[in-house]
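# Report on the structure
So you can see what is in the structure, the chains are spelled out below.
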Amino acid sequence: MPEAAATFQIGDRVTHPAKPEWGVGEVRKAASITHEGRKAQRLEIRFGRAGLKTISTAFAPLKPAEGTPKIGKAVEKPAHAEADPRPKPTGLAAALAPPPEDEPPPPKLDPAKAAAIMAEIPEPARDPFRPLATRIETTIRLYEVKPEGRSLMDWAATQSGLDDPLSMFSRHDLEQHFERYRIRLDQHLRSLLDDARRERLDTKPLLAKASENARAALRRINHAR
């Protein structure tokens, strides 16, 4: 017997497995329907990168967005319901989030702060408590991102915490931010490789897995020495 489809309610965050480029969507309207004798829903969902869509769960097996709690049967939340369990915004999304009603609005986001957030190296690549070899391998994988098309948009969404980075930046802005990020990434990789030489760590097996972008970075690093 097939597993019953998930039931969604207003405010739930979902993804469309067949349309990953749409990003995460938030349910705005939900109505129960019947299709070929089976219960389903007609949902109005605003996706971060695709705008408003009307979708029937009879045809689209929507999934709860990663990092959100498993969704059960839709019920009306009482006024004293628990705090919103959805993930807290990060990066620029956190800086731009509206404050609670009892707090004053935050100051306008400083462009320098935005640039610093966009150029920040992800924590797994710089965590000093992780083995050096692991940090080098993680850093090398970061070079798989390309400053174009969907790859650039996915990088910008991850870096900023915004579902739709183009809501704040132009594509030219993102390309400039990525170039500053790439320079920082080169500097970070150079520092890790210097540490590896001091510790006499054999990095050849790690570097052998490098993508062409990572190899180009290694050539830049070696040329600058």
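The structure displayed is predicted, hence computed values, not measured ones.

## Side note on the overall build of the chain
Broken down by element type, the chain carries 8 helices and 5 strands. Long-range contacts, defined as pairs at least 24 residues apart, comprise 55% of the intrachain contacts of the chain with a sequence gap of at least 6. As displayed, the chain offers around 14,700 Å² of accessible surface, 53% of which is attributable to carbon and sulfur atoms.

## Points about unusual backbone geometry
We note that arginine 200 has phi near 55°; this positive angle belongs to a residue other than glycine. Residue position: arginine 200 is located in the loop between helix H6 (171-198) and helix H7 (204-207). We classify arginine 200 as exposed; its relative accessible area is 79%.

## Details of the packing of helix H5 (residues 149-160) against H6
Where H5 meets H6, the axes come as close as 11 Å, and the angle between the chain directions of the two elements is 75°. By the angle between their directions, the pair H5 and H6 is classed as roughly perpendicular. Of H6, the residues touching H5 (which contributes Gly149, Leu152, Met153, Trp155, Ala156 and Gln159) are Arg171, Leu174, Glu175, His177, Phe178 and Tyr181. The residue inventory of the contact of H5 with H6, partitioned by class, reads 7 nonpolar, 3 polar and 2 charged.

## What to know about the pattern of salt bridges
Evaluation of the coordinates by the stated rule reveals 10 salt bridges. The partner of aspartate 154 in a salt bridge is arginine 150, with the nearest N and O atoms 3.4 Å apart. Of the two residues, aspartate 154 and arginine 150 both sit in helix H5, 4 residues apart, roughly one turn of that helix. The exposure class assigned to aspartate 154 is partly exposed, which follows from its relative accessible area of 28%. Its relative accessible area of 47% is what places arginine 150 among the partly exposed residues. For aspartate 186, the salt bridge is made with arginine 220, and the minimal N-O distance between the two is 2.7 Å. With aspartate 186 in helix H6 and arginine 220 in helix H8 (residues 212-224), this pair connects stretches of sequence that are 34 residues apart.

## Details of the sheet that holds strand S4 (residues 51-56)
Spatial strand order, S4-S3-S2-S1-S5: 5 strands in an open sheet with antiparallel pairing. In this open sheet, the two strands that pair with only one neighbour each are S4 and strand S5 (63-64).

## Looking at the pairing of strand S2 (residues 25-35)
Sheet analysis places strand S1 (residues 13-15) next to S2, joined by 2 bridges and oriented antiparallel. Within S2, the residue paired with arginine 13 across the bridge is glutamate 26. Bridge count between S2 and strand S3 (residues 38-47): 10 bridges; the pairing is antiparallel. Paired with threonine 34 across the strands is lysine 39, a residue of S3.

## A closer look at the nonpolar core
A general trend in soluble globular proteins is that nonpolar side chains are found buried together. Counting residues in each nonpolar core, the largest one holds 27 residues, and the members touching the most others are Ile136, Trp155, Leu174, Tyr181 and Leu189. Contributions of two or more residues to this core are made by helix H4 (132-142), H5, H6 and H8. Looking at this core, the element that brings in the most residues is H6, giving 8 residues. Residues in contact with tyrosine 181, not counting those within four places in the same chain, are Met118, Ala119, Glu120, Ile121, Pro122, Leu142, Trp155 and Gln159. Counting 10 residues, the second largest nonpolar core, distinct from the first, contains Trp22, Val27, Ala60 and Leu62.

Quick notes on the rules
- The written sequence of each chain sets the order in which its residues are numbered from 1.
- Totals for whole chains, interfaces and linings use all residues, but because this is a predicted model, local features are given only for residues with pLDDT of at least 70 and pairs of side-chain atoms are given and counted only at 80 or more.
- The side-chain quantities take in all heavy atoms of the structure and omit both hydrogens and water.
- Helix and strand definitions here come from DSSP, where helices need a minimum of 4 consecutive H or I residues and strands a minimum of 2 consecutive E residues; each element is numbered from the N-terminal end.
- Contacts between residues were defined by any pair of non-hydrogen atoms, one from each residue, lying within 4.5 Å.
- Here the Shrake-Rupley method, with its probe set to 1.4 Å, supplies the accessible areas, and only the displayed protein chains count as covering residues.
- Each residue's exposure class comes from its accessible area (1.4 Å probe, protein chains only) as a fraction of the maximum for that residue type: buried when under 20%, exposed when over 50%, partly exposed otherwise.
- For every element, the axis is a line fit to its C-alpha atoms; helices are fit only across the contacting stretch, and the angle between N-to-C directions ranges from 0 to 180 degrees.
- Oblique is the label for any angle not under 35 degrees, not over 145, and not in the 65 to 115 range, which are roughly parallel, roughly antiparallel and roughly perpendicular in turn.
- Residues were grouped as follows: Ala, Val, Leu, Ile, Met, Phe, Trp, Tyr, Cys and Pro as nonpolar; Asp, Glu, Lys and Arg as charged; and all remaining residues, including Gly, as polar.
- Each salt bridge in this description consists of a side-chain nitrogen of Lys or Arg and a carboxyl oxygen of Asp or Glu lying within 4 Å of one another.
- For two strands to count as paired, DSSP must find a minimum of two bridges between them.
- We call a set of buried Ala, Val, Leu, Ile, Met, Phe, Trp, Tyr and Cys residues a nonpolar core when their side-chain atoms join them within 4.5 Å.

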